[in-house]
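Structure assessment
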Amino acid sequence: NVVFEGFTFQGFASNRIGTTADLESMLGLAGTNYNITIRNCRFLNAYSFGIGLPAGPGTQNIRSRLVNIENCYFFTNGTATTTNEVPSVARGAGILGAGDDWTVQGCTFEWCARDYEIVHGTASETYSGVRYLNNRSLSCITIGLDWLTSTNCTDILIQGNSWTNM
């Protein structure tokens, strides 16, 4: 079991428009991790992701499982290249997650490209036991939850969330 509690992760990308890359993720979950709790933390100005992990085809065997992210604050995570960029090409999110039994609850996402993005994956990958509960998204570039196009989602619960000024 690993617990991160009360940390502030501060990136360099305070200008969300046309900035150059700095850290890809403020807190990276690399490898197959189990029983991780991240609570009462702040993720500020990440170029791509506040919390991230290896993504893309072929990474399904290194996904973290049993991850709980609770009462965290994400501010300006992700980027856009112009002020009028089409939302679908905005890059990054507060959280990039892939794995089973992820719970994100009580978090606030403000001025992020997206709030929670699950890697789209391949036809053989599955996502199960994902909970997205009682979160707030304010003034994000896109509507947020960018993962419903994953091909094999089961046991997904989205409840009590709010998205404003999107």
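Structure's up top.
The number of helices and strands found in the chain is zero helices and 18 strands. A total of 166 residues make up the chain; the buried ones form 48% of that total. Sequence-distant contacts, at least 24 apart, represent 79% of the contacts inside the chain between residues at least 6 apart. Surface summary for the chain: the accessible area is close to 7,600 Å², and the carbon and sulfur share equals 52%.

The strand order across the open sheet formed by six strands is β1-β4-β7-β10-β14-β17, and the pairing between neighbours is parallel. For this open sheet the edge positions go to β1 (2–5) and β17 (157–159), each flanked by a neighbour on one side alone. Geometrically, the sheet is characterised by an average inter-axis angle of 5° between neighbouring strands, direction not taken into account.

Let's shift gears to the packing of aromatic side chains. Two numbers describe a pair of aromatic rings. These are the distance of the centres and the angle of the planes. For the structure shown, the criterion picks out nine aromatic pairs. Their ring planes at 10° and their centres at 5.0 Å tell us that Phe43 and Phe74 sit as a pair that is stacked. Of this pair, Phe43 sits in strand β5 (residues 42–44) while Phe74 is found in strand β8 (residues 73–75), placing the two residues 31 residues apart along the sequence. A ring pair is formed by Tyr73 and Phe75, whose centres lie 6.2 Å apart and whose planes are at 15°; its orientation type is stacked. Owing to a relative accessible area of 25%, Tyr73 belongs among the partly exposed residues under this scheme.

This brings us to the pairing of strand β6 (residues 49–52). Looking at chain direction, strand β3 (residues 25–28) and β6 are connected through three bridges and run parallel. In the strand pairing of β6, Leu27 is matched with Ile51. Looking at chain direction, β6 and strand β9 (residues 93–97) are connected through two bridges and run parallel. Opposite Phe49, over in β9, you have Ala93 as the bridge partner.

Reading across the sheet, the four strands line up as β3-β6-β9-β12 and stay open at both edges, with parallel pairing between neighbours. With one partner strand each, in any of the chains shown, β3 and β12 (116–118) form the two edges of the open sheet. When strand polarity is set aside, the average angle formed by the axes of neighbouring strands in this sheet is 20°.

Core analysis: the largest hydrophobic core is formed by 26 residues, its most contacted members being Ile38, Phe43, Ile69, Phe74, Ile95 and Phe109. Those elements giving two or more residues to this core turn out to be β3, β4 (34–39), β7 (65–70), β10 (102–105) and β12.

Positive phi outside glycine occurs at Thr76, with the angle close to 45°. For Thr76, the position within the fold is in the loop between β8 and β9. The phi dihedral of Asn134 is positive, around 55°, even though this residue is not glycine. Relative to the helices and strands, Asn134 is located in the loop between β14 (131–133) and β15 (136–138).

Further remarks concern the pattern of salt bridges. Evaluation of the coordinates by the stated rule reveals three salt bridges. Its salt-bridge partner being Glu70, residue Arg39 comes within 3.8 Å of it at the nearest N-O pair. Of this pair, Arg39 sits in strand β4 while Glu70 is found in strand β7, placing the two residues 31 residues apart along the sequence. Residue class for Arg39 comes out partly exposed when judged on its relative accessible area of 26%. Glu70 sits in the buried class, given a relative accessible area of 18%.

Quick notes on the rules
Residues numbered from 1 in each chain as written. Predicted model: local features only at pLDDT ≥ 70, side-chain atom pairs only at ≥ 80, totals over all residues. Heavy atoms only, no water. Helix = DSSP H or I, 4+ residues; strand = E, 2+ residues; numbered from the N terminus. Buried < 20%, exposed > 50% of the residue type's maximum accessible area, 1.4 Å probe, protein only. Contact = heavy atoms within 4.5 Å. Areas by Shrake-Rupley, 256 points an atom, 1.4 Å probe, with all protein chains shown as cover. Pairing = 2+ DSSP bridges. Axes fitted to C-alpha atoms, helices over the stretch in contact; angles between N-to-C directions. Phe/Tyr/Trp six-rings, centres within 6.5 Å; stacked < 30°, edge-to-face > 60°. Core = buried A, V, L, I, M, F, W, Y, C linked by side-chain atoms within 4.5 Å. Salt bridge = Lys/Arg side-chain N within 4 Å of Asp/Glu carboxyl O.

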